[in-house]
Amino acid sequence: SSSAGFFMQSISSGHRQVLKISLTKEIPIYKIEFTVTKNLNDISVDLKAYNSSTTPVVLASLPVFAYVEISHKNLLESDIKNVFAEYKVSKSWLNSNNLTEDTVKLWRFSSAWTEISSKKINETDSWEYFAADLPGLSLFAITAERNGGYIGNNTIAHNSTGTKENPVEIIK
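In short, a report on the structure. (Residues numbered from 1 in each chain as written. Predicted model: local features only at pLDDT ≥ 70, side-chain atom pairs only at ≥ 80, totals over all residues. Heavy atoms only, no water.)

1. Some words on the pattern of salt bridges
- Under the defined criterion, the tally for this structure stands at 11 salt bridges.
- With a closest N to O distance of 3.2 Å, K31 and E33 form a salt bridge. The same class applies to K31 and to E33, which are both buried.
- In this structure, K120 and E123 form a salt bridge, with 2.8 Å as the shortest nitrogen-oxygen distance.
- Overall, K120 belongs to the partly exposed group, its relative accessible area being 34%.
- One network of salt bridges, in which partners are shared, links K91, E101, K120, E123 and E128. (Salt bridge = Lys/Arg side-chain N within 4 Å of Asp/Glu carboxyl O. Buried < 20%, exposed > 50% of the residue type's maximum accessible area, 1.4 Å probe, protein only.)

What follows is the structure, encoded as C-alpha cells:
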C-alpha cells in the first residue's frame, strides 16, 4: 500500500484548505478540499491506498479500482464542511475489465458502504478524472459497475477478523 501525509500547524476558522496529492498511480484521490469551522492546531491528514486483499473493509460484488483511507488527527468531522475530492481511474483498468467511465462510482464506508455522487471532469489518454462532494473523511472505494448497473448481493468482509461477513444493502 502507498501513503501520503499532510501536517498543518494551524488553520483559521473559515479557511479553505486544499491538499494536493502527487499524481501517483497508487493513490487515485489526488485532491481534497475542505473549509474549517473553527481554529485548529496540529492537524494531520493521511491517505493510504489499499487493494482488495489489504483493505480494512471490502466492498464485494463490484470491481474495485482502489480503496483509499483518509485518516485525520486533531480534526473532527464537525470541524469541517464543504468537503470535496477529485480522483482518477485508469482507462487501462476500465478496458481490461470491460467497464466504461459512465459507471465509475465512489463509495464511502462509515458503518456501511454508501454511494457518493460523482461527476466526470476531465480525461487524458490514460485516465478518467472525477469530482465528488464528500460527507466526511474515511475509507473510500473507487468502483465501476458491470452489465448496466447490476450489482447483485453485496457483502462486506472485515479483514481484521478474517472471517466476519455482513450483508450490505445498497441504496441507489
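2. A short note on the sheet that holds strand 1 (residues 3-11)
- Read from one edge to the other, the open sheet built from 6 strands follows the order 1-4-6-12-8-9, with strand pairing classed as antiparallel. The sheet is open, and its two edges are formed by strand 1 and strand 9 (113-116), each paired on a single side. Each neighbouring strand pair of the sheet contributes to a mean axis angle of 25 degrees, computed without reference to strand direction.
- Looking at chain direction, strand 8 (residues 104-109) and strand 9 are connected through 4 bridges and run antiparallel. Of the residues in strand 9, the one forming a bridge with W107 is E115. (Pairing = 2+ DSSP bridges. Helix = DSSP H or I, 4+ residues; strand = E, 2+ residues; numbered from the N terminus. Axes fitted to C-alpha atoms, helices over the stretch in contact; angles between N-to-C directions.)

3. Digging into the pairing of strand 10 (residues 118-123)
- Relative to strand 11 (residues 127-134), strand 10 is paired through 5 bridges, and the arrangement is antiparallel. Counterpart to K119 in the pairing with strand 11 is A131.
- Where strand 10 folds back onto strand 11 in an antiparallel hairpin, the turn is made up of 3 residues.

4. Concerning the pairing of strand 4 (residues 40-50)
- Examined bridge by bridge, strand 1 and strand 4 share 8 bridges and lie antiparallel to one another. The residue of strand 4 that forms the bridge with I11 is L40.
- Pairing between strand 4 and strand 6 (residues 64-73): 7 bridges, direction antiparallel. Bridged to Y50 within strand 6 is Y67.

These figures come from the coordinates and say nothing about function on their own.
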